[in-house]
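The lines below spell out each chain.
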Amino acid sequence: MFHKILIANRGEIALRIIKAAKQLGIETLIVYSSADKDSLPVQLADASVCIGPPASSKSYLNQESIIQTAIHHGCEAIHPGYGFLSENAEFVEKCENNGLSFIGPKASVIRCMGDKQSARKLMKENGVPIVPGSEDIVKTADEAKEIASNIGFPVLLKASAGGGGRGMRIANSAEEIDEAFNAATSEALSAFGNGDLYIEKYILNPRHIEVQILADEFGNIVHLGERDCSIQRRNQKMIEEAPANCLTGDIRSYLLDAAIKAARAANYTNAGTVEFVVDPNENHYFIEMNTRVQVEHPVTEMITGIDIVRSQILIASGEKLDFAQNDILVRGYSIECRVNAEDVDRGFAPSPGRIEYLRYPSGEGVRIESAIQAGTTISPWYDSMICKVIVHAPSRDEAIRKMIFALQEFKIDGVKTNIEFLLRILNNNDYCEGKVDTSFVSGLL
Amino acid sequence: MVTIMDWTVETIKDVIAIFEESDLSKIEIEDGDKKIVLNRESAQGTVGYNSAFRRNIGGYGLPQSFQSIAKMKEMQDELADAKESMTKTEPKEPIKKASTVIGDKDGTYVKASMAGILYMQPKPGEPPYVEVGKSVKKGDTVALIEAMKMINEITAPCDGVIKEIFFQNEQFVEFDSPIFLIVEE
């Protein structure tokens, strides 16, 4: 077991990792940018080191400073959280080369799954259904036109090195391909340094269903059930839930099995998520694998009783999973709402500021994951998510009611938040009846 | 006649333990006029609910009785005492926080432009860039900071004299740590 780990992240996930480590008796050291000097995770970690100015590139993405800090302060492992360096294969290699354990999958696995096109190929070879599309990188617009005419329009041109919804363009017909090809290539080049594109059939209005995987370093792989993350705005998730109530038993089994297959094909270790889209006709396809712990992991924890971050640390320290697939049972229903400091009326523009007053909801089956407190200044340097509210109840109906009450109980003065908008979604008839897909939020706006 | 088990309290306790750890819903052992029946009842179809507490999932062991909780506490206290006496790994040095260094001093602080190892001289064995009392011109190199072979030169932000030095060679410095205090000549 590790004695001391370094947390290379900030905000709510940094605090989450600190708590899991302390529960295991592990000392914690957090690295932070000068903008986070007074933050709660920095206050509560056993030790803290300022590694740079607010700009992420000079702080949370500063690989050399982070590794040097870990070595100098006797840390045996680094937990990267999500975002930042969590899926950076080069960083993982640096850890490996310097005798540091990276709490996540191996560099080679991250590299393989991070290349979207190679991940698709691997899945196809292993019998996991993928969205119909190109076999390989598409080199020219003409090649794109040919492939598109085979798989049928509309198509999506996607950056192979991409993610987060960038470097993607839709083409509804052959006439739109040239423009889409060029635009996607140049956006991919500037965002990821790699202009390679592949093509997928554009699935209209799908549901986003993902499966949580845990794998130890002894070949044991389990799934912890699925999540429905269809409530999104511009590819940013707002509300996530587990289990996915829209799935019939057959499709659920199929997706869960496919996720295990995918993880096995990738030689996966530690925590990960396999993402699928399910179209209105219940066709389901692998989209990508996220080789990190995700923002929405708490809903899975609530229904299974398994602490995913704790499991990550244990797996990385060489422990076997102490349960088999049959031991994992799902209880009840869980929903998470991401509370962001944003001004909904101004196009969800980030709304930084100082929190004057804060009252969290609480109670049975109400969980808060947050690093803010009264007096915290939300800085403009990082993303606008400030807090997660999670509920757990015996049924979806009760979970929705519980969340509505919790968000009404939640009081925050000083910054604008998306809470009213979240309540609009939760009170919406279609949402309550489970008749939603990824187009739902834009339909509301 | 085959004897399935001896009907002692110990053996019966073993049977109960085996049953609890198993997936079985019922065990029935009959031996002549002796019979033992163990039956698992599920409450209102929430079989999953009951079974969850019978497994060692995610670290959670079987439910404990209050007596065994007291025994566990005893064992934990003993273990804690034993650990105290073992040597712990100390960090190489406690982290020197910038806030403990800066006071109400007149002058200009030269701060670390990145976190890493501080070097006061260009190469090991060579004389240091500066010492207390040395005059510097704006732009003069006064120290180096290194992290994983990436080296940053720290330069004097203004003309002046080195009044104070807050760190030693090869100490770890955080970003923005004040390393030198420069005053007007």
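The notes below deal with the structure included here. (Residues numbered from 1 in each chain as written. Chains lettered and ligands numbered in written order. Predicted model: local features only at pLDDT ≥ 70, side-chain atom pairs only at ≥ 80, totals over all residues. Heavy atoms only, no water.)

Here's the deal with the nonpolar core
All names here are of chain A.
- Counting residues in hydrophobic clusters, the biggest one holds 39 residues, and the most contacted among them are Ile239, Ile425 and Tyr431.
- Of all elements in the fold, only strand S11 (236-242), strand S14 (333-340), strand S21 (385-393), helix H12 (396-409), helix H13 (419-426) and helix H15 (440-444) reach the threshold of two or more residues within this core.
- Each residue touching Ile239, except ones within four places of it in the same chain, is listed here: Asp228, Cys229, Ile231, Ile335, Glu336, Cys337, Leu422, Ile425, Leu426 and Tyr431.
- Phe2, Ile18, Val222 and Phe323 belong to the second largest nonpolar core, which has 37 residues in total. (Core = buried A, V, L, I, M, F, W, Y, C linked by side-chain atoms within 4.5 Å. Buried < 20%, exposed > 50% of the residue type's maximum accessible area, 1.4 Å probe, protein only. Helix = DSSP H or I, 4+ residues; strand = E, 2+ residues; numbered from the N terminus. Contact = heavy atoms within 4.5 Å.)

Looking at the packing of aromatic side chains
Residues and elements named next belong to chain A.
- Counted according to the given criterion, the structure contains six aromatic pairs over all chains.
- Geometrically, the ring pair formed by Tyr60 and Phe84 is stacked, given 5.0 Å between the ring centres and 20° between the ring planes. Note that Tyr60 is positioned in the loop between strand S3 (47-52) and helix H3 (63-72) and Phe84 in the loop between strand S4 (77-79) and helix H4 (89-97), a separation of 24 residues in sequence.
- Residue classification places Tyr60 among the buried positions, given a relative accessible area of 1%.
- Within the aromatic cluster, the residues linked to one another by ring pairs are Tyr60, Phe84 and Tyr382.
- Directly above the ring of Phe218 sits Lys320, whose terminal nitrogen or CZ lies 5.3 Å from the centroid.
- The ring centre of Tyr431 lies 4.7 Å from the NZ or CZ of Arg396, which sits over that ring. (Phe/Tyr/Trp six-rings, centres within 6.5 Å; stacked < 30°, edge-to-face > 60°. Lys NZ or Arg CZ within 6 Å of the ring centre and 35° of its normal.)

Considerations on the packing of H3(A) against H4(A)
Residue and element names in this part refer to chain A.
- Where H3 contacts H4, the axes come no closer than 11 Å and their chain directions differ by 25°. One finds that H3 runs roughly parallel with respect to H4. Considering only the axes of H3 and H4, their crossing is right-handed. Together, Gln63, Glu64, Ile66 and Ile67 of H3 and Glu90, Phe91, Lys94 and Cys95 of H4 make up the contact between the two elements.
- Looking at the contact of H3 with H4 residue by residue, the classes come out as four nonpolar, one polar and three charged. (Axes fitted to C-alpha atoms, helices over the stretch in contact; angles between N-to-C directions. Parallel < 35°, antiparallel > 145°, perpendicular 65-115°, else oblique. Left-handed = near helix turned anticlockwise from the far one by under 90°. Nonpolar A, V, L, I, M, F, W, Y, C, P; charged D, E, K, R; others polar.)

Description of unusual backbone geometry
All names here are of chain A.
- Of the consecutive residues Phe153 and Pro154, the connecting peptide bond is found in the cis state with omega at -5°.
- Of note, Pro154 is situated in the loop between helix H7 (141-151) and strand S6 (155-159).
- In this structure, Pro243 follows Ala242 across a cis peptide bond, with omega equal to -10°.
- Residue position: Pro243 is located in the loop between S11 and helix H9 (249-265).
- Backbone geometry places Phe84, a non-glycine residue, at a positive phi of 40°.
- Of the residues examined, Phe84 reaches a relative accessible area of 28% and is grouped as partly exposed.

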